[in-house]
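Letter by letter, the chains look like this.
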Amino acid sequence: MRDAFCPALRWRRPAACASAAWEPRSVPSSPSPCNVRSLQLKDTSENPEGGIRPSCEERISASFRMPNSNAKFHCNHRGGQEAGRQELVSRSLQSAQHCLESQDFGTAYAHYLLVLNLAPELKTSVKETFQFSLFKWAEELDSLARIQDLFNCYEQALELYPNDEVICNSMGEHLFRMGFRDEAAGYFHKAVKLNPDFADAKENFYRVANWLVERWHFIMLNDTKRNLTYLKAIENAVRSGCKSVLDIGTGTGILSMFAKKAGASFVYACELSKTMYELARDVVAANNMEREIKLLHLKSLDIEIPKHIPERVSLVVTETVDAGLFGEGIVESLIHAWEHLLLQPKPKNQDVSTGDYGRVIPASATIFGMAVECKEIRRHHRVGTQEVAGVRLSDSVQFFSPTYASAGSEETVEPYTTEKLSRVPGGYVPLTEPCQVMTVDFNNVQELKSLAARKPWKLSLPVTEGGILDAIVVWFVLQLDDEHALSTSPSEETCWEQAVYPVQGLLDYSVKTGDAVTMEVCCQDCYLKIQKISSLTSECGMDFSDRDDTLSLGNEAELCNALAGLQTTSKQDGNGQVCVLESTEIALLNNVSYHECFKAAMGKVLLSLNPSKDLQSMDVDGHGGGMNLQESQNKSSLDAAPDPLYILDVSEGFSILPIIAGKLGPVKAYSSVEKEQHQAALTVISETNHFPKETLEFWLSHLDESVVLQRPKSDKLWSIIILDVIETSGLIQQEVMEKAAISRCLLHSGGKIFPQYVLVYGMLVESECLLLESAVQGTEPTLGFNIAPFINQFKVPVRVYLDLSTLPCLPLSKPAELLRLDLMNPLLNSSSREVKVQICKSGQVTAIPFWYHIHLDEDHSLNTSDESSHWKQAAVVLDEPIRVQVGDELVLDVQHHKSNISITVKR
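Residues numbered from 1 in each chain as written. Predicted model: local features only at pLDDT ≥ 70, side-chain atom pairs only at ≥ 80, totals over all residues. Heavy atoms only, no water.

**Q** Could you give an account of the side chain of Asp857, naming the residues involved and the relevant values?
**A** Along the chain, the position of Asp857 falls in the loop between strand S35 (843–855) and strand S36 (861–863). With relative accessibility at 5%, the residue Asp857 sits in the buried group. Reaching out from Asp857, the side chain makes a polar contact with the backbone nitrogen of Asp859 at a distance of 2.8 Å. A polar atom in the side chain of Asp857 sits 2.7 Å from the backbone nitrogen of His860. Those residues in contact with Asp857 that sit more than four places away from it in its chain are Ala601, Lys604 and Gln756. (Helix = DSSP H or I, 4+ residues; strand = E, 2+ residues; numbered from the N terminus. Buried < 20%, exposed > 50% of the residue type's maximum accessible area, 1.4 Å probe, protein only. Polar contact = N/O pair within 3.5 Å; in protein donor to acceptor, adjacent residues only side chain to side chain. Contact = heavy atoms within 4.5 Å.)

**Q** Tell me what's going on with the pairing of strand S27 (residues 718–722), and back it up with residues and numbers.
**A** Among the five residues that make up S27, five are buried, leaving the element largely enclosed by the rest of the structure. Taken together, the three bridges between strand S24 (residues 645–649) and S27 define a ladder with parallel strand orientation. Following the sheet pairing, Asp649 is matched in S27 by Ile722. Handedness of the crossover joining S27 and strand S28 (residues 747–754) through helix H24 (residues 736–744): right-handed. (Pairing = 2+ DSSP bridges. Right-handed = clockwise from strand over helix to strand, strands pointing away.)

**Q** Hey, could you go over the packing of helix H3 (residues 105–118) against helix H4 (residues 123–143) for me, with residue numbers and the actual values?
**A** Two quantities define a packed helix pair, namely the angle between the helix axes and the distance between the axes. Contact geometry of H3 with H4 gives a least axis separation of 8 Å together with a crossing angle of 145°. When you trace H3 past H4, the crossing you get is left-handed. Taken together, the residues of H4 that come into contact with H3 (itself represented by Phe105, Gly106, Ala108, Tyr109, Tyr112, Leu113 and Leu116) are Lys123, Val126, Thr129, Phe130, Phe132, Ser133, Leu134, Lys136, Trp137 and Glu140. The residue inventory of the contact of H3 with H4, partitioned by class, reads 11 nonpolar, three polar and three charged. (Axes fitted to C-alpha atoms, helices over the stretch in contact; angles between N-to-C directions. Left-handed = near helix turned anticlockwise from the far one by under 90°. Nonpolar A, V, L, I, M, F, W, Y, C, P; charged D, E, K, R; others polar.)

**Q** Which residues make up the pattern of salt bridges, and what are the values?
**A** It is possible for side chains bearing opposite charge to pair when their charged atoms get close. Taken as a whole, this structure holds 31 salt bridges when the rule is applied. In this structure, Arg85 and Glu82 form a salt bridge, with 2.8 Å as the shortest nitrogen-oxygen distance. In this pair, Arg85 and Glu82 are both assigned in helix H2 (residues 78–101), three residues apart and thus about one turn of the helix distant. Using a relative accessible area of 30% as the deciding quantity, one classes Glu82 as partly exposed. Its salt-bridge partner being Lys872, residue Glu376 comes within 3.4 Å of it at the nearest N-O pair. Placement of the pair is Glu376 in helix H14 (residues 375–381) and Lys872 in the loop between S36 and strand S37 (873–884), with a sequence separation of 496 residues. Here the two residues Glu376 and Lys872 agree in accessibility, since each one is buried. Overlapping salt bridges bring together Glu373, Arg378, Arg382 and Asp470 as one network. (Salt bridge = Lys/Arg side-chain N within 4 Å of Asp/Glu carboxyl O.)

**Q** Provide a residue-level description of helix H6 (residues 165–177), including the pertinent values.
**A** Think of an α-helix as 3.6 residues a turn; residues three or four steps apart then line up on the same face. Along its 13 residues, H6 runs 18 Å from first to last C-alpha, staying within 8% of the 18 Å computed at 1.5 Å per residue. The complete set of buried residues in H6 reads Glu165, Ile167, Cys168, Asn169, Ser170, Met171, Gly172, His174 and Leu175. Along its buried surface, H6 packs onto H4, helix H5 (147–160), helix H7 (181–194) and helix H8 (199–212). Its side-chain oxygen placed 3.0 Å from the backbone nitrogen of Val166, Asp164 serves as the N-cap of H6. (Expected span 1.5 Å × (residues − 1).)

**Q** I'd like to hear about the sheet that holds strand S34 (residues 832–838), residue by residue, with values.
**A** Ordered by their spatial adjacency, three strands build an open sheet running S34-S38-S39, and the pairing between neighbours is antiparallel. Here the strands that pair on one side only, and so sit at the sheet edges, are S34 and strand S39 (900–906). This sheet shows a mean twist of 25° between the axes of neighbouring strands, independent of strand direction. In terms of strand pairing, strand S38 (residues 889–897) meets S39 through seven bridges, oriented antiparallel.

**Q** Break down unusual backbone geometry for me, with residues and values.
**A** Note the cis peptide between Ile305 and Pro306, where omega equals 5°. Mapping Pro306 onto the fold places it in the loop between strand S5 (293–296) and strand S6 (315–318). Following Ile361, the chain continues into Pro362 via a peptide bond in cis, with omega recorded as 15°. Tracing the backbone through its elements, the reader meets Pro362 in the loop between strand S7 (359–361) and strand S8 (364–373). Located in the positive-phi region is Ala145, a residue other than glycine, with phi close to 60°. Secondary-structure assignment places Ala145 in the loop between H4 and H5. Residue Ala145 is classed as exposed on the basis of its relative accessible area, which comes to 57%. Of note in the backbone geometry, Ala389 takes a positive phi value of approximately 50° without being a glycine. You can see Ala389 is positioned in the loop between strand S9 (387–388) and strand S10 (391–392). Exposure remark for Ala389: the relative accessible area of 7% places this residue in the buried category.

**Q** Account for H5, with residues named and values stated.
**A** Here H5 contains 14 residues, and its C-alpha end-to-end distance of 20 Å stays within 8% of the 20 Å for a straight helix at 1.5 Å per residue. Buried residues dominate H5, accounting for 11 of its 14 residues. Inspection of H5 places Gln148, Asp149, Leu150, Phe151, Asn152, Cys153, Tyr154, Gln156, Ala157, Leu158 and Leu160 among the buried residues, and these make up the whole buried set.

**Q** Can you tell me about the side chain of Thr252, naming the residues and giving the values?
**A** Looking at the secondary structure, you find Thr252 in the loop between strand S3 (244–248) and helix H11 (254–262). Among all residues touching Thr252, those that are not within four sequence positions of it are Leu221, Met276, Leu279, Ala280, Val283, Ile787 and Ile791.

Below, the structure is given as C-alpha cells:
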C-alpha cells in the first residue's frame, strides 16, 4: 500500500492550550543560538505535589544559569558564535545526564532536543539516551493523561529521527493503547519496513493486523463459489438495465469491480474502515479501474446526494451480513438506502424497464435453525460440576456466559457466538429437523422497517432425537436473485460459520423424542435474538404455533399440565449471586484435570515448606482420609498459630486456584481478579467452604501502585506465585519471562513459580485449509482480479484459536520438542534453537502447528492439546509450501520473542 501506512498525526492543538505543548516547528538546517527561542514550551499544568509545575524550559534555564546571567551572545563574530554554541551544547549534555540520574525525564528530554537542534552532528552519539529519555517521559505523560503533549514529543522526535524504527514502534504502541488502530498499524508497518528483523515491531504489526483486517477476509476471497455466484447475480442485474451501482461495505472492492466488469456505467463504493478503504483504493488502481469506481471513505448512512454521489442508483450490492445475518447492520443500511440512495422499487406484477427502478443484491434471505447436542458448546457455556478439586461451588452462585447475560441486558451485546460446526471437536448431534425461523425481503423497505418493531414470536421445534439440549444453531440462505443463492448451512462447504445460541439457565437439559424445544424470536438492536429457550415434555400435549403470540389451550387442567412440563425455571430466579464469565473461563472451570494438577503440585510445595502434622494430614491428593479444613483449624487453635504461607495467583481472568490453595493448610491466598462480580462470587464460594475471612484476599486492593508483582508484606516473601504463561489463543503470554524474573526475586527459599517450565511441541503438516485462511491464493479464486498482493500485506505468519483435533490436515512428521521456557531456572532457557525433524509421510509442508506441555513440577504437567483443555492451539503457516519425501530431514530454526514464535524451515 502507499503512504497510508505512514499517516500524519491528526490531533489539532487548540488555540489556547492549558496543558504543556511543544509548539510546532521545523528543524532548521543550520541551527544557531538564535534558534533556541523556537523551543519555547507553555506549561501551566498543576504540580501533583502542590503549586504550579515549572515548565521544562524554566528548569533548563535554571540549570544553565551562570554568574553573569545577563550576558548576551554576540553573533557578530563567527568564532565567538561557534564557541558559544559548543559551550551551550556541552553544558546541556551534562545537564541532561544529571536529569537522567535524578529521573527527571521531561527536563532530560528537553535538553537532548536542544542539543540535537544545535548540534545535529551528534545524532548518532546521543541517539540511545535520547530514545530512553523520550520513552520514559512519554510514560509519565501517559500516566498524567497529557496525551497531546505525548504525541507532540513524538512528532518532535520523528522530525529528528524520521527513519528510526524504535521510535516508530513506540509511537505505534501508544496509538494502539489509545484505540487508534489504523494509525498504529502505519507506524508498526513502517518500523518493520525500516528493519525487517525488528521483532517487537513485527509482533505488534501482526497483532494489530488481526484487528484491522479480520481473518475472514482471506477465507471469503478464497471462496471461488461465493465470488462466482455474486459475479453472476451482478451481471444479470446490470444486463437487465441496472447501470448505476452502489457497493455498501466494499472491503477490498471486489463486488464493485464485478459491477464494472459487467458493464455498469457508474459505480460507487463506500467503506468505513480507513485501512480497508486505503486497501480498496490500491486494489482498484492495480486493476485499472480507479477512474471508473468512485470510492468513499464513509458509512453508507452518511452518504448524501448530490454531495457524494450525483443521483439515486438503480442497484445496491452488499455483503454486510454476519453469521447471524443482521449483525453487521444490513437492515439499517438498506432502510437508509431505500429512503435516500436508491431508485424506487419496481412495482410488482408490472412489465416495466428494470433500469428505471431500484433493487438490492442480495434480494432476500431465509433463516433456518435447529436444536443440537454438542459437548464442546456445553463445556464453554455451562458449569457442569458442583465441586472442583475439593472446592464446593456454592448453589448461591450461578455462572453464565455473556450470550445468556445479553438477554436481560440493556446494553447491545451480541446474543450469539459463532462456530464452524463441521470442525467442532467431538462433533454435534441434531436433536430436531432444520426449521425455517424467518424470511426477509431486502427489496421491501416496509418489511425491513417492521422488523425492529415486531413483537417477539414463539417457535416450537419437535425433538426427533433424544439427548442433551445444548444450543440452537442458526444459518441462512442468501438469495442474491431468482437464480443464484448462497447457503451457510453446516452441511455446505462454505467460508461461513454458523450462529450459536447456547442454552443456559434450565433445571433439566435432557430431551427425548416427542418433546418440543420452544423459544422466542425477535430482531432487536440489529441482531437476530433467540431467547427463552426451553423444553416441553411430550406428556404436556401442548402446541406452540410458529410465530403465534398466544397459547391455544383446551382447559385449565391442560394448562397446568403444560406448565409443569415446561422447563422454563431458570437458575437465575431467586436471590442467587449471578456471575458472568467469558466462555473460556467457563471451560477452564470445567477443566477438572487442570485444577487437580494444581492442587497436587501446590500441596507438594506447601508440605515441603511446612512439614507439620496439620499440613500432612490435609487431603492434598484428593484421595480422602485426611482431616477436613475445619478440623485442622480447630486443632491449630489449640497450638500456637503458625505463620501462614503466602500464595499469589496472577493468572488472567476468573480463577479458583487461591481457594483450592486455602484448603491445603495454613496459607494466605491472594487473588488478582479485577471484576467486582468475580470477587463477590469467590467470596461466596470461600464462605461455602468455611474459609476464615483472612484466608482469601484480593491482591489488587492492597496495591498502592500498578506493580502487581511485589512482596506480600515488607518482611514477607511468597511461597507460590502462579503466572499465566499461555493465552487461550495458543500464544505465549507477552513478557512472561520478564514476569518470571521478577517473581524469582519475590520467592522465599523453597518457593516456586507455577508453572516451573514449559515445553513447546510441534509437527509438520500439509493443510490447504490453513493456507486458505492465511492468505489469498493468487488471482484464480478472485476471478482474475489482482487483490492478493495488497490484502496479503496484512497476513500474519501464525494462525491462532485452532483445534488440532478437527483441523483438516495431513501429519508429515511426529511431534517434536521445539523449545523450552524455564521460569525457575533461566540458565535452562532457550529463546532460539535448531531442531531436526524426520519426515514420515510424503507431501507438502504448509504449516507447523504447535502446543505446550506446562510443567508445574517434574511430576505434574498439563497438555494444552488435551480434549478437556480450555486452551486452543496455534500454527506457523509457511510462505511457500515445501515438497518432502519419506526419510527427508528438515531443520527448524525456532525463535521465541515475547509472545511470538517464529519458525524457519531449512532442508
